[in-house]
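Tertiary structure, described
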Amino acid sequence: MKAYDGLYIDGAWRPAASTDTIEVVNPADERVIARVPAAGPGDVDTAVRAARAALPGWAATPPAERAARLAALRDALAARKDEIAETVTAELGSPLAFSQAVHAAVPIAVAGSYAELAAGHAFEEKVGNSTVLHEPVGVVGAITPWNYPLHQIVAKAAPALAAGCTVVLKPAENTPLTARLFAEAIHEVGLPAGVFNLVTGLGPVAGQALAEHPDVDLVSFTGSTAVGRRIGAVAGGAVKRVALELGGKSANVILPSADLAHAVHVGVANVMSNSGQTCSAWTRMLVHRDRYDEAVDLAAAAAAKYADRIGPLVSAAQRDRVRGHIEKGLAEGARLVAGGPESPRAQGYFVSPTVLADVTPEMTVAQEEIFGPVLSVLRYEDEEDALRIANGTVYGLAGAVWAGEEAEAVAFARRMDTGQVDINGGRFNPRAPFGGYKQSGVGRELGAHGLAEYLQTKSLQF
Ligand code: NAD
């Protein structure tokens with residue numbers, strides 16, 4: 001067990017003023033692996049002051065120099081990729097191969113993309129007789145969840161730094177060690193003191209203090225819709241900018257002309273990866289009634305293959321919540337065809353890969369985010385019915401469409417109320433805008449759209 005007493009503020013690790021601590025637990029074996037400070041409002045205030053003091057200098061730094069620092073940050077993360085993967089596995093529980101391929105590799109790619117974007121972005125443009133300046137918004141309060149611990153941090157910090165903003169990060173309480181590694185990489189590349197600051201702490205204490213701080217100009221939050229709603233209200237009250245990346249209940253629509261076995265196979269893999277703790281996971285599989293039974297059999301067989309491969313959920317609370325959802329699904333009439341609510345192992349926060357059939361659109365498991373390895377398979381009558389079901393939740397984060405011809409899938413995707421759609425298994429693109437329609441959020445992350453979130457415009461007329 002390692003005990004850390006520092007917060008990264010104003011370019012150095014400094015003891016927290018608060019004496020409270022957070023225990024970090026390995027969800028695979030339930031052992032306490034570390035203890036980190038739980039910052040109080042005073043610590044948050046110190047961090048925000050440091051970020052405010054550093055803002056004028058960093059905002060005035062030429063974009064090419066900011067780009068060079070981001071390239072160095074990408075390299076520093078790449079040099080630590082094994083340590084990053086091992087740390088994510090230790091505190092989140094994801095299998096090491098997934099931590100290497102996704103949790104470590106994707107943020108390195110995203111940091112690299114912002115090094116390039118910062119170098120090439122037009123921070124000034126001509127519009128008629130005006131020169132429009134794209135200036136940094138200011139001090140950013142970044143609040144991140146645990147499910148993709150480094151990706152969520154880099155998806156906020158890299159564009160903010162590229163834009164010339166300074167940052168105070170409050171990472172999720174379950175995964176502070178990955179955040180500490182990120183701060184170490186930042187320190188290594190020699191960013192000016194105060195440009196990036198890390199306060200580990202509890203959401204309702206440190207997170208809330210950061211969101212409410214009058215000297216924070218933009219709150220960028222990723223997490224649950226419930227907390228996002230509160231943060232949006234706080235930001236609205238103070239008339240400050242807010243970006244919200246929230247929950248999802250995405251639909252995987254398999255049209256009758258699709259290669260069913262392939263679509264089901266990829267769809268199940270999508271839901272089971274990261275133990276289902278992916279906000280954009282396609283947790284509702286929609287299948288035409290003529291192919292429904294075949295799809296259910298395929299999904300059950302595919303899910304069973306993940307029984308030994310899947311990692312635990314992040315915490316006992318998350319495991320219990322997911323089990324409760326499975327039980328509720330069964331109580332409301334769903335049919336269990338794989339997995340179930342029982343614990344598959346004596347130790348660790350594991351939940352079996354679960355498939356629920358005969359799920360109807362109004363059931364709780366078809367409406368609420370579960371955030372676990374649980375797939376619901378729904379039956380549709382025709383394409384209009386499929387569209388109604390796909391769009392019939394409060395969320396709109398992601399989705400997938402499968403068809404024999406790409407054009408047919410694209411035509412359906414155009415009618416979906418959601419922020420991104422994978423066509424016939426299209427790959428994740430770290431430069432494409434990511435974010436939600438409806439209650440899945442406000443704003444976009446990644447690529448040029450992600451950079452724009454951290455910029456405000458000033459027009460000079462001549
Ligand atoms: P959460 O909302 O409980 O916590 C997210 C972050 O907010 C954490 O850092 C937490 O400490 C902090 N927080 C909690 N209460 C707070 C408060 N009152 N004030 C300020 N900050 C507070 O969510 P979680 O359980 O950590 O993450 C799971 C949720 O995140 C899921 O609903 C998932 O869909 C969502 N999520 C969305 C995206 C996306 O990009 N849309 C990505 C990942 C996760």
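All figures in this text were calculated on a predicted structure; none of them were measured in a lab.

Trans is the common state for peptide bonds, and a negative phi is the common state for residues other than glycine. Although it is not a glycine, Glu30 sits at a positive phi angle of roughly 65°. In this structure, Glu30 sits in the loop between strand E4 (21-26) and strand E5 (31-37). Glu30 gets classed as partly exposed once you look at its relative accessible area, which sits at 35%. For Asn274, which is not glycine, the phi dihedral falls at a positive 55°. Tracing the backbone shows Asn274 in the loop between helix H9 (260-272) and strand E14 (284-288). Looking at Asn274, the relative accessible area reads 5%, which means it is buried.

A few words now on the domain arrangement of the protein chain. When its domains are assigned, the protein chain resolves into domain 1 (2-246 + 439-461) and domain 2 (251-429). For domain 1 versus domain 2, the distance between C-alpha centres works out to 31 Å. Of the residues lining the interface, 24 residues belong to domain 1; the matching set on domain 2 comes to 23 residues. Carbon and sulfur atoms supply 57% of the area buried between domain 1 and domain 2, which totals about 1,900 Å² over both sides. Of all residues in domain 1, Glu30, Trp146 and Ser440 give up the largest surface area on contact with domain 2, accounting jointly for 25% of the area buried on that side. There are zero salt bridges connecting domain 1 and domain 2. At the junction of domain 1 with domain 2, the criterion picks out 10 residue pairs in polar contact (both at pLDDT 80 or more).

The next subject is the site of the ligand. Residues in close proximity to the ligand total 28 residues, the closest being Lys170, Glu173, Ser224, Leu246 and Glu369. Within the side chain of Glu173, an N or O atom sits 2.5 Å from an oxygen atom of the ligand. Taken by itself the ligand offers 830 Å² of open surface, and the protein chains cover 90% of this. Of all the elements in the fold, those that place two or more residues in the shell around the ligand are helix H7 (203-212), strand E11 (218-222) and helix H8 (225-238).

With that settled, consider the UniProt feature "active site" (unreviewed entry) in the protein chain. As recorded in UniProt, the feature "active site" (unreviewed entry) lies at Glu245. Here Glu245 is to be found in strand E12 (residues 241-245). The contact partners of Glu245, leaving out residues within four places of it in the chain, are Phe221, Thr222, Gly223, Leu397, Phe434, Gly435, Gly436, Ser440, Gly443, Arg444 and Glu445.

With that settled, the discussion passes to the nonpolar core. In this structure, Leu70, Leu77, Phe182 and Phe196 are the most contacted members of the largest nonpolar core, which totals 62 residues. It is helix H5 (residues 149-163) that contributes the most residues to this core, 10 residues altogether. Two domains each put at least three residues into this core: domain 1 (2-246 + 439-461) and domain 2 (251-429). Every residue in contact with Leu77, bar those within four places of it in the chain, is listed here: Ile84, Ile108, Ala111, Leu150, Val154, Phe182 and Ala185. In terms of nonpolar packing, the next biggest core, distinct from the first, is built from 28 residues, Val253, Leu356, Ala366 and Met416 among them.

Procedures and definitions
Residues numbered from 1 in each chain as written. Predicted model: local features only at pLDDT ≥ 70, side-chain atom pairs only at ≥ 80, totals over all residues. Heavy atoms only, no water. Helix = DSSP H or I, 4+ residues; strand = E, 2+ residues; numbered from the N terminus. Buried < 20%, exposed > 50% of the residue type's maximum accessible area, 1.4 Å probe, protein only. Domains from an automatic or database assignment. Contact = heavy atoms within 4.5 Å. Buried area = accessible area lost by both parts, 1.4 Å probe. Salt bridge = Lys/Arg side-chain N within 4 Å of Asp/Glu carboxyl O. Polar contact = N/O pair within 3.5 Å; in protein donor to acceptor, adjacent residues only side chain to side chain. Near = heavy atom within 4 Å. Areas by Shrake-Rupley, 256 points an atom, 1.4 Å probe, with all protein chains shown as cover. UniProt positions renumbered as here; feature names shortened; annotations may be inferred. Core = buried A, V, L, I, M, F, W, Y, C linked by side-chain atoms within 4.5 Å.

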